[in-house]
Protein chains: 2
Amino acid sequence: MSVNLTSIREVALKARAASRAVMNLPSGVKEQALLNVAASLREHVDFLKQENVKDLDAAETNSLSAAMLDRLTLSERVIDGMGKALEEIAVLPDPVGKITGMTRRPNGLIVGKMRIPIGVVGIIYESRPNVTADAAGLCLKSGNAVVLRGGSEAFHSNRAITKVFRESLEKTGIDPNAVMLIPVTDRAAIMELLSLEDCIDLIIPRGGEGLIRTVVEHSKIPVLKHYKGVCHIFVDRDADLEKAYSICLNAKVQRPGVCNAMETLLIDSAIAESFLPEMTRMFRDHGVELRGCKRCRAIIPDMVTAREEDWYEEFLDLILAVKITEGLSEAIDHIENYGSNHTEAIITENYSRAMEFLHQVDSSTVLVNASTRFSDGGEFGLGAEVGISTSKVHAYGPMGIEDLTIGKFICFGDGQIRQ
Amino acid sequence: MSVNLTSIREVALKARAASRAVMNLPSGVKEQALLNVAASLREHVDFLKQENVKDLDAAETNSLSAAMLDRLTLSERVIDGMGKALEEIAVLPDPVGKITGMTRRPNGLIVGKMRIPIGVVGIIYESRPNVTADAAGLCLKSGNAVVLRGGSEAFHSNRAITKVFRESLEKTGIDPNAVMLIPVTDRAAIMELLSLEDCIDLIIPRGGEGLIRTVVEHSKIPVLKHYKGVCHIFVDRDADLEKAYSICLNAKVQRPGVCNAMETLLIDSAIAESFLPEMTRMFRDHGVELRGCKRCRAIIPDMVTAREEDWYEEFLDLILAVKITEGLSEAIDHIENYGSNHTEAIITENYSRAMEFLHQVDSSTVLVNASTRFSDGGEFGLGAEVGISTSKVHAYGPMGIEDLTIGKFICFGDGQIRQ
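Residue numbering note: each chain is counted from 1, following its sequence as written. Written order decides the labels, with chains lettered from A and ligands numbered from 1. Confidence filtering applies because this is a predicted model: local features only for residues at pLDDT of at least 70, side-chain atom pairs given and counted only at 80 or more, and all residues used for totals across whole chains, interfaces and linings.

### A few points about the overall build of chain A
Then comes step 1: The helix and strand tally for chain A stands at 14 helices and 16 strands.
Then comes step 2: Note on method: radius of gyration uses C-alpha positions; expected globular size equals 2.2 Å times residues raised to 0.38. Expected size for 419 residues packed as a compact globule is a radius of gyration near 22 Å; at 24 Å, chain A falls within 12% of this value.
Then comes step 3: Counting only C-alpha atoms and orienting by the principal axes, one finds that chain A spans roughly 70 × 65 × 35 Å.
Then comes step 4: Backbone-placed C-beta atoms define the burial measure: a residue is buried with 20 or more other C-beta atoms within 10 Å of its own, exposed with 12 or fewer, and partly exposed in between. Going through the 419 residues of chain A one by one, you find that 52% of them count as buried.
Then comes step 5: Contact definition: two residues whose C-beta atoms, as placed from backbone geometry, lie within 7 Å. A fraction of 72% describes how many contacts in chain A between residues 6 or more apart in sequence connect residues 24 or more apart. Secondary structure follows DSSP: runs of H or I at least 4 residues long count as helices, runs of E at least 2 residues long count as strands, and numbering of each begins at the N terminus.

What follows is the structure, encoded as structure tokens:
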């Protein structure tokens, strides 16, 4: 699968040319196109499964874990899920063309902003082949062309999904080059892609922290990303303990392997003795391993001692770090020092401390009396999620398709010149 | 002026700590602080001029051009101008805390976005020392800490301005580390700065294309920038010729050295013979050198022939490239091929072609029947301009202080957990 790197540039140039064709597609055309792709994926179940088997065989030869194999498998259910996701994307409101802030300047010039597609989006991802259909669908809906670079484990599956997607677009009369797959998966291809500042407007990496750090280090193109989600819940001295038990349990165990699950629990020392024993019992009933600070262990002696590195850790598993703090301000300091700017929550009935937490914590999502698991595009009403950004640039927190557009200034004059 | 690079990190860490102190400053405190700095700069005219002389002496020794010397000089007028700029920034509406899109989700969770400061902004700039006060003022007003890295030519001037700024902040009770100047100006310092992803949230380079390309190539931190402004005006066959003459002349000659001046004039072939001779006469009366395509030279035989590289050129001077096109679509293609995504205008009385230009041209500012010179934060009502972005990420076009903030999600719950 090695290839002349000039071909990466050719792939990107084709997407660039196609981006001009899709930037102004009528909403109805984009909607119908995505519904057609969904139907087409379901029609081609046999072809997709047959190509997927090539990846699965290679994965077995390379002794990939059972979890990896599961993520890689295109079952009928997974393919139907890709179709459903595209159908949901199809009917989202079109973000392109939205006009905001039109004002009339003193000289009569009428100025405002109109949202336009970003242009060409590069998506670099690992493993799950359904990301291929998802990402292409989100980009097309928002008027963007996309250059996809999936992982080597899923090469045949990604190529098959892209083929079906492109053929369906072509039948709908849309330039199929709006969806391009890089025909190789080696590292040199990523490096080449990241240098094509004149063809690609934005890079979104989706995968492990290692992949994302490599992309950020080498990209000349702006990158939207999050490294990890070390999410905190602070249980304040005035927390309603019933709410606290329920929210903390939900945030940790409802789906521990995702980035908005709680990784560290902070507890105000004033309520630690009344709160921690029952909370510990509930966590342990659900198989959660607790790693606590010294003060925690004074209350629950058989708790594992948390090491310094546990405070930075995104466990993505039934493991939780627990710390008792001297009130709110130590908790905020801890989040500032160890957090990842993803999602934090406070549980309290005290109005002023709720507002202080809301203002002082500068993470991309800050909640009062609700589970961190709500930090999600769908839950926030953005529709399908493009990704999550923990950098304070372009978007912060869960991103919807509107975040795949940008506002350009439009000005209506009648002969104005600058004095 | 060499220095241990660990000190760059220390500088940035001080700014990071200060950013937490300034992120929630009340609007009135920030306003008063900036008014105090303005007054203080005027009080310290002698000190500032005395430090500036050190830079001017070095500049003469290094045989800098008269234009460079002029840009470098801190006259009483320039210092007063810095004060006025800060006074204007002081009274701008505070962008921090603005809440948008609050909605109630079906589960009762109330979700919306609140604008917060970006955090620590790194500004890398050349030459003009007044940028020091301007940039620090814009960052403070928007609740950000700033790390400044000016050019070596202006080192003593920048250090003096920063000193006065910081002392004034301290008197107002604001952490002076919110405004930090990198104590060295060599390239290694820039490289170190661009790697401090954990201390600095955003980099804004201001200067020549070479500086900006270096920054983009090496930064791990998101960069907001524009490389250059190759701005176009297209004179359509249905242009009101009087408006066209006036707008084109204004866009070229009113201030030729700035990025929103017109660099290439595109003319619909259907009106070229009636429009070009009079337009040429007017340009030549104002000392503009025209470089035309073959078809231009068929009408104005003594016009210089434009070379291929002229179409890419940001002349920043009384030079203009001129091309006759087969109507609107060739003009749009030309802008797509040679443009810089900065600012383009169409002159026409034809409604449909005006709207087509507005939709098809994806530059950051698109105008109908007005001069490209209006592409400016002040003219668009944003207040003082932070810079211009020609990348379709975060901001596109002139940026005001609101672009130094970002929306975080805030959520008010009453015990919600994810199902």
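### Description of the relation of the copies chain A and chain B
Then comes step 1: In the superposition of chain A on chain B (RMSD 0.0 Å, axial shift 0.0 Å), the rotation amounts to 180 degrees. What we have between these two chains is a two-fold relation. For chain A, the minimum C-alpha distance to the rotation axis belongs to His394(A) and amounts to 1.8 Å.
Then comes step 2: Of the residues that chain A buries at the interface, 98% are likewise interface residues in chain B, meaning the two copies contact each other through the same surface. Superposition of the copies used a least-squares fit over C-alpha atoms from residues whose pLDDT is at least 70 in both.

### Focus: the packing of helix α3 (residues 45-61) of chain A against helix α7 (residues 155-171) of chain A
Residues and elements named next belong to chain A.
Then comes step 1: Lines fitted to C-alpha atoms define the axes here, with helix axes fitted over just the stretch in contact, and angles between the N-to-C directions of these axes take values from 0 to 180 degrees. Taken N-terminus to C-terminus, the directions of α3 and α7 make an angle of 160 degrees; their axes are 7 Å apart at the nearest point. Taken together, the axes of α3 and α7 are roughly antiparallel relative to one another. Relative to α7, the crossing made by α3 is right-handed. Between α3 and α7, the residues in contact are Phe-47, Leu-48, Glu-51, Asn-52, Lys-54 and Asp-55 and Phe-155, His-156, Ser-157, Arg-159, Ala-160 and Ile-161, respectively.
Then comes step 2: Per-class residue counts for the contact of α3 with α7 are 5 nonpolar, 3 polar and 4 charged. Here is the rule for angles: anything less than 35 degrees is roughly parallel, anything more than 145 is roughly antiparallel, 65 through 115 is roughly perpendicular, and the remaining ranges are oblique. It is the rotation of the near helix from the far one that decides the hand of a crossing: anticlockwise by less than a right angle makes it left-handed, clockwise makes it right-handed. Each residue is assigned to one class: nonpolar for Ala, Val, Leu, Ile, Met, Phe, Trp, Tyr, Cys and Pro, charged for Asp, Glu, Lys and Arg, and polar for all the others, Gly among them.

### Topic: the nonpolar core
Then comes step 1: A set of buried Ala, Val, Leu, Ile, Met, Phe, Trp, Tyr and Cys residues, joined through C-beta atoms within 7 Å, is what we mean by a nonpolar core. Core analysis: the largest hydrophobic core is formed by 250 residues, its most contacted members being Val146(A), Val147(A), Ile233(A), Val146(B), Val147(B) and Ile233(B).
Then comes step 2: Not counting residues within four places of it along the chain, the set of residues in contact with Ile233(B) comprises Ile247(B), Cys248(B), Ala251(B), Met262(B), Leu265(B), Leu266(B), Ala345(B), Ile347(B) and Thr372(B).

### Remarks on the sheet that holds strand β6 (residues 202-206) of chain A
Residue and element names in this part refer to chain A.
Then comes step 1: The strand order β5-β4-β3-β6 describes an open sheet built from 4 strands, whose pairing is parallel. The sheet is open, and its two edges are formed by β5 (179-181) and β6, each paired on a single side. Taken over all neighbouring pairs, the strand axes of this sheet differ in orientation by 20 degrees on average, direction set aside.
Then comes step 2: Pairing between strand β3 (residues 120-125) and β6: 5 bridges, direction parallel. The residue bridging Ile-124 from the neighbouring strand is Pro-205, located in β6.
Then comes step 3: The strands that helix α6 (residues 130-141) touches are β3, β4 (145-149), β5 and β6; relative to β4, the one it contacts most, it runs at about 160 degrees. Only strands that DSSP links by at least two bridges are regarded as paired with each other.

### Topic: the sheet that holds strand β16 (residues 405-416) of chain B
Sheet strands pair by backbone hydrogen bonding; their relative direction is either parallel or antiparallel.
Then comes step 1: As summarised here, the arrangement of the 10 strands in space is β10(A)-β9(A)-β11(A)-β8(A)-β7(A)-β12(A)-β13(A)-β16(B)-β2(B)-β1(B), forming an open sheet in which the pairing is mixed. Each edge of the open sheet carries a strand with a single partner, namely β10 (304-305) of chain A together with β1 (99-104) of chain B.
Then comes step 2: Here 5 bridges tie strand β8 (residues 262-268) of chain A to strand β11 (residues 319-325) of chain A, and the two strands are oriented parallel to one another. Bridging across to β11(A), Leu265(A) finds its partner in Val322(A).
Then comes step 3: Against the sheet, helix α11 (residues 269-285) of chain A touches β7 (231-235), β8, β9 (289-292) and β11 of chain A, its axis set at about 145 degrees to β8(A).

### A look at the interface of chain A and chain B
Then comes step 1: On the chain B side, the residues contacting the 56 residues of chain A number 56 residues.
Then comes step 2: Element by element, the count of residues in the side of chain A that touches chain B is highest for strand β16 (residues 405-416) of chain A, at 11 residues.
Then comes step 3: Looking at the side of chain A that touches chain B, its residues break down into 24 nonpolar, 20 polar and 12 charged.
Then comes step 4: Of the pairings in the sheet, the one linking strand β13 (residues 365-370) of chain A to β16(B) comprises 5 bridges and is parallel in character. Paired with Val366(A) across the strands is Ile410(B), a residue of β16(B).

### Some words on the pairing of strand β15 (residues 395-399) of chain B
Then comes step 1: Burial runs high along β15(B): 5 of the 5 residues are buried.
Then comes step 2: In textbook terms, the turn of a hairpin is the stretch between consecutive antiparallel strands, and for strand β14 (residues 387-393) of chain B and β15(B) this stretch comprises 1 residue, one of which, His394(B), has a positive phi near 70 degrees.

### A short note on helix α5 (residues 76-90) of chain B
All names here are of chain B.
Then comes step 1: Multiply 1.5 Å by the residue count of a helix minus one, and that product is the helix's expected span. Spanning 15 residues, α5 covers 21 Å between terminal C-alpha atoms, matching the ideal 21 Å at 1.5 Å per step.
Then comes step 2: Three or more residues of α5 are buried, namely Ile-79, Met-82, Gly-83, Leu-86 and Ile-89. The buried side chains of α5 occupy one side of the element, clustering within an arc of 125 degrees when seen end-on. Summarising the geometry of α5, the exposed residues directed more than 90 degrees from the buried face are Glu-76, Arg-77 and Lys-84.
Then comes step 3: On its buried side, α5 packs onto α2 (27-43), α3 (45-61) and α6 (130-141). Picture the helix axis, draw a direction to every C-beta atom, and the arc is the one those directions span.

### Structural notes on the environment of Thr162(B)
Then comes step 1: Assignment of secondary structure puts Thr162(B) in helix α7 (residues 155-171).
Then comes step 2: Classification of Thr162(B) by C-beta neighbours within 10 Å gives buried; the count is 21.

### Describing the domain arrangement of chain A
Residues and elements named next belong to chain A.
Then comes step 1: Split by domain assignment, chain A resolves into domain 1 (6-226 + 398-410) and domain 2 (231-377).
Then comes step 2: For domain 1 and domain 2, the distance between their C-alpha centres works out to 35 Å.
Then comes step 3: Taken together, the contact between domain 1 and domain 2 spans 4 residues of the former and 5 residues of the latter.
Then comes step 4: Split by residue class, the side of domain 1 that touches domain 2 holds 2 nonpolar, 2 polar and no charged. Domain boundaries shown here were taken from an automatic or database domain assignment.

### Some words on helix α11 (residues 269-285) of chain B
All names here are of chain B.
Then comes step 1: Helix length check: α11 (17 residues) gives 24 Å between terminal C-alpha atoms against 24 Å at 1.5 Å per residue, within 8%.
Then comes step 2: Where α11 bends most, the angle comes to about 50 degrees, and this point is Phe-275, followed within four residues by the proline Pro-277.
Then comes step 3: Burial in α11 covers these residues: Ala-272, Phe-275, Leu-276, Met-279, Thr-280 and Phe-283.
Then comes step 4: Of the surrounding secondary structure, the elements contacted by the buried residues of α11 are β7 (231-235), α10 (241-253), β8 (262-268), β9 (289-292), α12 (294-299) and β11 (319-325). Bend, in this description, refers to the angle at a residue between axes fitted to the seven residues ending there and the seven starting there.

### Looking at the packing of helix α2 (residues 27-43) of chain A against α7(A)
Think of two packed helices as two axes; the pair is described by the angle between the axes and how far apart they sit.
Residues and elements named next belong to chain A.
Then comes step 1: Put simply, α2 and α7 touch, their axes get as near as 9 Å, and they point 135 degrees apart. Classified by the angle their axes make, α2 and α7 are oblique. Viewed along their axes, α2 and α7 form a crossing whose handedness is right-handed. Between α2, through Ala-33, Asn-36, Val-37, Ser-40 and Leu-41, and α7, the contact on the second element is made entirely by Val-164, Phe-165, Ser-168, Leu-169 and Lys-171.

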